[in-house]
Amino acid sequence: DTAVSQTPKYLVTQMGNDKSIKCEQNLGHDTMYWYKQDSKKFLKIMFSYNNKELIINETVPNRFSPKSPDKAHLNLHINSLELGDSAVYFCASSQGGPQETQYFGPGTRLLVL
Amino acid sequence: DAKTTQPPSMDCAEGRAANLPCNHSTISGNEYVYWYRQIHSQGPQYIIHGLKNNETNEMASLIITEDRKSSTLILPHATLRDTAVYYCIVRAPNSGYSTLTFGKGTMLLVSP
């Protein structure tokens, strides 16, 4: 069984569109994350949720809005997509606590044309 | 979290041990050393972590120097599937729900 899954795997869209990426984890973890990996391969945190509550929000444009309907899901909605949003987005989860190991999803490859 | 320094790339022959170094000279007494790797087109994968004692699991061994200023990740018998970018990350255990800060990592190429 897949521990952390993301849909879609690939997303190609036009500038200005609104799109969503979904993430689900079946590990029973309390904390979920969204990371962005740009073309230079740097992996950076965007958001972190614990028990459906936002706990970390890095400097991300407010066009990005995460939503956690329950602690097993953390979706990422992006409004008014821009060329610079093209990247690979990874979802991750952890149990929380001082030595938590993060488990990552396979990534969603977003290309904005 | 303390900063880490890793070589940008390394090569290893298949079947040989791969030793990946990491410098973390500003590490604090309560900070752990974590290793993750990212195989091409996949999400990062946890490998191992430790505080000051050497650690071993089914994937790798972690050797931390006595002064804790550096560490080495050892893949005892590298295979082609171990070709990946390896990230060394230092983080305090009381970081709460903090996130991982990924650097540039080491690109390990395992060749036949």
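Residues numbered from 1 in each chain as written. Chains lettered and ligands numbered in written order. Predicted model: local features only at pLDDT ≥ 70, side-chain atom pairs only at ≥ 80, totals over all residues. Heavy atoms only, no water.

**Student:** Help me understand the packing of aromatic side chains, please; the structure alone is not making it clear to me.
**Tutor:** To describe a pair of aromatic rings, one takes the distance between the centres and the angle between the planes. Within this structure, the stated rule accounts for 10 aromatic pairs over all chains. An angle of 80 degrees between the planes, with centres 6.0 Å apart, marks the rings of Phe-104 of chain A and Phe-102 of chain B as edge-to-face. Here Phe-102 of chain B lies in the loop between β8 (84-91) and β9 (106-111) and Phe-104 of chain A lies in strand β10 (residues 103-104), a pairing that spans two chains. Aromatic ring contacts, followed pair by pair, group Tyr-33, Tyr-35 and Phe-104 of chain A together with Tyr-36, Tyr-46, Tyr-87 and Phe-102 of chain B into a single cluster. Just above the ring of Tyr-34 of chain B sits the side chain of Arg-91 of chain B; from NZ or CZ to the centre is 5.0 Å. (Phe/Tyr/Trp six-rings, centres within 6.5 Å; stacked < 30°, edge-to-face > 60°. Helix = DSSP H or I, 4+ residues; strand = E, 2+ residues; numbered from the N terminus. Lys NZ or Arg CZ within 6 Å of the ring centre and 35° of its normal.)

**Student:** Honestly, the state of the cysteines in this entry has me stumped. Any pointers?
**Tutor:** One covalent bond between the sulfur atoms of two cysteine residues makes up a disulfide. Residue and element names in this part refer to chain A. All told, the structure shown has 2 disulfides over all chains when counted by the stated rule. Linked covalently through their sulfurs, Cys-23 and Cys-91 form a disulfide whose S-S length is 1.9 Å. When the S-S torsion is -75 degrees, as for the bridge of Cys-23 with Cys-91, the disulfide is left-handed. Pair noted here: Cys-23 is in strand β3 (residues 19-25) and Cys-91 is in strand β9 (residues 87-94), with a separation of 68 residues, a long-range link. An identical accessibility class is assigned to Cys-23 and Cys-91; each is buried. (Disulfide = S-S within 2.5 Å. Buried < 20%, exposed > 50% of the residue type's maximum accessible area, 1.4 Å probe, protein only.)

**Student:** So what exactly am I meant to see when it comes to the sheet that holds β8 of chain B here?
**Tutor:** Two modes of strand pairing occur in sheets, parallel and antiparallel, and in both the strands are linked by backbone hydrogen bonds. Residues and elements named next belong to chain B. Across the sheet, which stays open at both edges, the 5 strands sit in the order β1-β9-β8-β3-β4 with mixed pairing between neighbours. Two strands close off the open sheet at either side, each with one partner strand: β1 (9-13) and β4 (45-50). Taking the axes of each pair of neighbouring strands and ignoring which way they run, one obtains an average angle of 25 degrees across the sheet. Bridging between strand β3 (residues 32-38) and β8 involves 7 bridges; their strand directions are antiparallel. Among the inter-strand pairings, Trp-35 is bridged to a residue of β8, identified as Cys-88. (Pairing = 2+ DSSP bridges. Axes fitted to C-alpha atoms, helices over the stretch in contact; angles between N-to-C directions.)

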